[in-house]
Amino acid sequence: MLNKKIALRTFLLALLFAGLFVAGCKDNDEGTEQENITTVVLHFIGPGLDREFEWNDLDGPGGNAPTVQTIELPPLTGNITCRVHVYDRSKTPAEDITKEIEEEADEHLIVYIPDASVSATWNYDDTDSKGKPLGIKTKWQTNQPSAGNLRVILYHEPTNKDNLSNPGGEVDFDVTFPVRIQ
């Protein structure tokens, strides 16, 4: 009787460990392919405005510092549309990753974090299939002349798209643009 209990416990422990191993392998099998993002372009279009501003890091983290253009927007201007374009320019020809982000909108979220000194507001102008924000397209309103920085972060598989300050998931890119409203 004692041997049967020990054998049963051993069997159950083995089953438990086997289940943990399979679950761990499943997570690894479902891992996402990491994109090589070298370039983020913000294209602003509005009254008297049609300009692109780029963040480039062609050799990736740890190499040369990225090159970043300063975003310059006119003050006291509304109805400005911003569209984000994402590229891998380490390839020839360059790969436009933007379409993939849009096609997998449920799995992506772009968050904008301007410094408090930047006198501008923005709203999402696109959503995923569940009506949650995506962030490829946004609408901007500038106010008084000001300057600061704008962080743009792409989250992959965010766990909570309603919490824009901490949506969870993996960060595909986190870039900072200087901003001047003048």
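Structure: above.
Residues numbered from 1 in each chain as written. Predicted model: local features only at pLDDT ≥ 70, side-chain atom pairs only at ≥ 80, totals over all residues. Heavy atoms only, no water.

1. Regarding the overall build of the protein chain
Quick reminder of the rule: Strands here mean DSSP runs of E at least two residues long; helices mean DSSP runs of H or I at least four residues long; both are numbered from the N terminus. Buried means the residue's accessible area, taken with a 1.4 Å probe over protein chains only, is under 20% of the maximum for its type, while exposed means over 50%, and partly exposed covers the values in between. Contact criterion: two residues are considered in contact whenever any of their non-hydrogen atoms come within 4.5 Å of each other. Computed with a 1.4 Å probe, the accessible areas rest on the Shrake-Rupley method; for each residue, only the protein chains presented here act as cover.
For the protein chain, the count of helices and strands is 2 helices and 11 strands. The proportion of buried residues among the 182 residues of the protein chain is 37%. In the protein chain, of all internal contacts separated by at least 6 residues, the share reaching a separation of at least 24 is 65%. A total of about 10,700 Å² of accessible surface is found on the protein chain, and carbon and sulfur atoms cover 53% of it.

2. Things to note about the pairing of strand β11 (residues 170-181)
Defined as follows: Here, a strand pair is defined by DSSP locating no fewer than two bridges between the strands.
Judged from the 3 bridges that link them, strand β4 (residues 71-73) and β11 form a sheet pairing that is parallel. Bridging from a neighbouring strand, L73 pairs with I181 of β11. Of the pairings in the sheet, the one linking strand β10 (residues 146-156) to β11 comprises 11 bridges and is antiparallel in character. Paired with V152 across the strands is V175, a residue of β11.

3. A closer look at empty space enclosed by the protein
Where we set the bar: Cavities and pockets are defined on a 1 Å grid built over the protein atoms alone: a cavity is a set of grid points where a 1.4 Å probe fits but cannot escape, while a pocket is an open set with protein on both sides within 12 Å along at least five of seven lines, and lining residues are those with an atom within 4 Å of any such point. Grid points are joined across faces, edges and corners, and a volume is the space filled by probe spheres set on the points. Gly counts as polar in this scheme, as do all residues outside two lists: the nonpolar Ala, Val, Leu, Ile, Met, Phe, Trp, Tyr, Cys and Pro, and the charged Asp, Glu, Lys and Arg.
Under the counting rule described, the total for this entry stands at 1 cavity of 30 Å³ or more. For the largest cavity, the calculated volume is near 40 Å³. F44, I71, L73, P114, V118, W140, L150 and V179 are the residues that line the largest cavity. Of the residues belonging to the lining of the largest cavity, the class tally is 8 nonpolar, no polar and no charged.

4. Re the sheet that holds β11
Put simply, the rule reads: Axis definition: a line fitted to C-alpha atoms, limited for helices to the stretch in contact. Angles are taken between N-to-C directions and run from 0 to 180 degrees.
In space, the 4 strands of this open sheet follow the order β4-β11-β10-β7, with mixed pairing throughout. Each edge of the open sheet carries a strand with a single partner, namely β4 and β7 (108-114). On average, adjacent strands in this sheet sit at an angle of 30 degrees to one another, irrespective of strand direction.

5. A look at the environment of I45
The topology assignment puts I45 in strand β1 (residues 39-46). We classify I45 as partly exposed; its relative accessible area is 41%. Each C-alpha atom, one on I45 and one on T81, is 5.2 Å from the other, the two residues being 36 residues apart in sequence. Aside from chain neighbours lying at most four places away, what touches I45 is D50, N79, I80 and T81.

6. Digging into unusual backbone geometry
A cis amide bond, omega 0 degrees, links T92 with the succeeding residue P93. In this fold, P93 is placed in the loop between β5 (80-88) and β6 (95-96). Even without a glycine there, the phi angle at E157 is positive, about 55 degrees. If you trace the backbone, E157 turns up in the loop between β10 and β11. Taking the relative accessible area as the measure of exposure, E157 reaches 39% and is therefore partly exposed.

7. Considerations on the side chain of H108
For clarity, the cut-off: Polar contacts, as used here, are pairs of N or O atoms within 3.5 Å; protein pairs need one atom able to donate a hydrogen and one able to accept it. Residues neighboring in sequence count only if both atoms are side-chain atoms.
Note that H108 resides in strand β7. Here E104 takes part through its backbone oxygen, which lies 2.9 Å from a polar atom of the side chain of H108. Here H156 takes part through its side chain, which lies 3.1 Å from a polar atom of the side chain of H108. Not counting residues within four places of it along the chain, the set of residues in contact with H108 comprises I101, P133, L134, L154, Y155, H156, P158, K161 and D172.

8. Observations concerning the pattern of salt bridges
Charged atoms that come close allow side chains of opposite charge to pair. Operational definition: Criterion for a salt bridge: a side-chain nitrogen of Lys or Arg within 4 Å of a carboxyl oxygen of Asp or Glu.
One pass over the structure, following the stated rule, counts 10 salt bridges. Where D128 meets K161, a salt bridge forms, and the shortest distance between an N and an O atom there is 2.9 Å. Of this pair, D128 sits in the loop between β8 (120-124) and β9 (137-142) while K161 is found in the loop between β10 and β11, placing the two residues 33 residues apart along the sequence. For D128, a relative accessible area of 8% puts it in the buried group. Relative accessible area serves as the criterion here: at 9%, K161 is assigned to the buried category. Within this structure, R51, E72 and R180 form a network of salt bridges that share partners.

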